[in-house]
Amino acid sequence: MHRVVFKGTGSYLPERVVPNSYFETIVETTDEWITTRTGIKERRMIASGQAMSDLATPAAQRALEAAGVPPEELDLIIIGTSTGDMLSPSTGCLVQNNLGAFKAVAFDVNAACPGFIYGLAVARKFMQDGSHRLALVVGGEIVSNRIDFEDRATCVLFGDGAGAAVLEAVPESEPVGLPGGLLSAHIRSNGALWELLYVPGGGSRHPPTHEMIDRRLQFVKMQGNEVFKHAVRAMTESAEQALASNGLTSADVDWFIPHQANMRIMEAVAKKLDIPMEKVVITVHKYGNNSAATIPIALDEAVREGRVKRGDLVLCCSFGAGFVWGSALLRY
Ligand code: COA
């Protein structure tokens with residue numbers, strides 16, 4: 001068996017900053033409503049013409065640089081995204097080409113906001129037997145062109161970005177090297193609740209037609225307060241499962257990185273887990289909810305700022321459309 005250690009992280013945010021005041025000019029809302037209900041002050045959005053691989057590639061390059069791994073040595077590339085460049089091919093293949101990582105097998109995992117956690121879980125399965133030594137896992141999303149700028153209940157929440165991690169499979173018998181790595185990854189889904197959060201148009205159910213666009217089916221549909229309740233419950237349970245399965249408690253956690261959808265969701269989950277807010281990595285105020293990107297971006301920033309240090313126990317959990325949810329516990 002092999003351990004899966006974190007060799008390096010990276011992230012990329014588009015340059016365009018969109019403050020809450022922008023939404024005051026297009027829908028009936030206020031900076032005060034957005035701030036108090038979500039904790040979001042601003043978010044990043046792509047420039048015209050940018051696509052998922054344009055964000056995922058620099059995030060990956062930064063992670064590879066931090067890890068000291070040349071792209072041609074990668075064995076596996078997994079992109080957690082539900083907003084890829086095209087319906088086909090996968091964004092994984094486009095990133096592989098951009099990086100020149102032609103030894104790797106590359107594919108996408110569509111798991112909405114927990115896309116990075118799902119990516120870690122899948123990578124771990126490939127790596128535990130040692131058959132794939134070096135992996136790149138990216139969580140990235142461009143939500144800004146999936147939101148209805150006439151719907152005040154959703155348009156204020158989301159943003160764009162990408163984060164990445166380079167992982168290495170190390171034989172368990174090898175005593176030296178980096179700390180424990182990915183201790184566990186638990187993923188779950190419940191498709192019965194898909195209609196609470198979904199994007200109906202653009203796929204095979206509602207292919208691109210003028211009628212589909214006129215019905216605004218290409219945009220996110222969400223019952224926010226239902227999503228809120230399920231998110232708190234599922235993220236808490238998954239985080240508890242991660243700790244229990246490793247014989248640890250929340251007192252052992254050095255840093256908690258929950259999905260950054262809403263400050264009140266993060267506060268509620270931290271409170272249920274009895275984790276003080278000082279241990280919670282928070283980026284939602286500056287980036288909003290960029291879906292699969294929130295956790296790898298927060299992890300990368302916390303590592304680069306020197307908050308998450310080698311050997312720290314980091315607990316991550318996420319929730320999103322599907323519903324899908326999950327947790328990852330790592331000894332960085
Ligand atoms: N500005 C002003 N008012 C707004 C608004 C906005 N941007 N968006 C919604 N409202 C209004 C609603 O229309 C409603 O008005 P009404 O009472 O007259 O009908 C009122 O605010 C309360 O709406 P509600 O949905 O109950 O608010 P809430 O406290 O649940 O907050 C969310 C709304 C969306 C912020 C919250 O439900 C949420 O964050 N949910 C989770 C969403 C999420 O994270 N999704 C992604 C998960 S991966």
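As the structure is a prediction and not an experimental result, all values here were calculated from the model.

Under the domain assignment used here, the chain contains domain 1 (2–171) and domain 2 (181–331). Taken over C-alpha atoms, the centre of domain 1 sits 13 Å from the centre of domain 2. Every contact between the two is made by 51 residues of domain 1 and, on the other side, 51 residues of domain 2. The junction of domain 1 with domain 2 conceals about 3900 Å² of combined surface from both sides, 62% of it contributed by carbon and sulfur atoms. Taken together, domain 1 and domain 2 are joined by 2 salt bridges.

Here we take up the packing of aromatic side chains. Enumeration over the complete set of coordinates arrives at 7 aromatic pairs. With centroids separated by 6.2 Å and ring planes inclined at 50°, the aromatic side chains of F6 and Y332 adopt a geometry described as tilted. Here F6 is found in strand β1 (residues 2–12), whereas its partner Y332 is found in the segment after β13 (324–331), with 326 residues between them in sequence. This pair shows no difference in class: F6 is buried, exactly as Y332 is. Each ring, one from F107 and one from F126, has its centre 5.9 Å from the other, and the planes form 40°; the classification is tilted. Here F107, found in strand β5 (residues 105–109), pairs with F126, found in helix α5 (residues 115–127); they are 19 residues apart in sequence, far enough to count as distant. The exposure class of F107 is partly exposed, given its relative accessible area of 22%.

Quick notes on the rules
- Residues numbered from 1 in each chain as written.
- Predicted model: local features only at pLDDT ≥ 70, side-chain atom pairs only at ≥ 80, totals over all residues.
- Heavy atoms only, no water.
- Domains from an automatic or database assignment.
- Contact = heavy atoms within 4.5 Å.
- Buried area = accessible area lost by both parts, 1.4 Å probe.
- Salt bridge = Lys/Arg side-chain N within 4 Å of Asp/Glu carboxyl O.
- Phe/Tyr/Trp six-rings, centres within 6.5 Å; stacked < 30°, edge-to-face > 60°.
- Helix = DSSP H or I, 4+ residues; strand = E, 2+ residues; numbered from the N terminus.
- Buried < 20%, exposed > 50% of the residue type's maximum accessible area, 1.4 Å probe, protein only.

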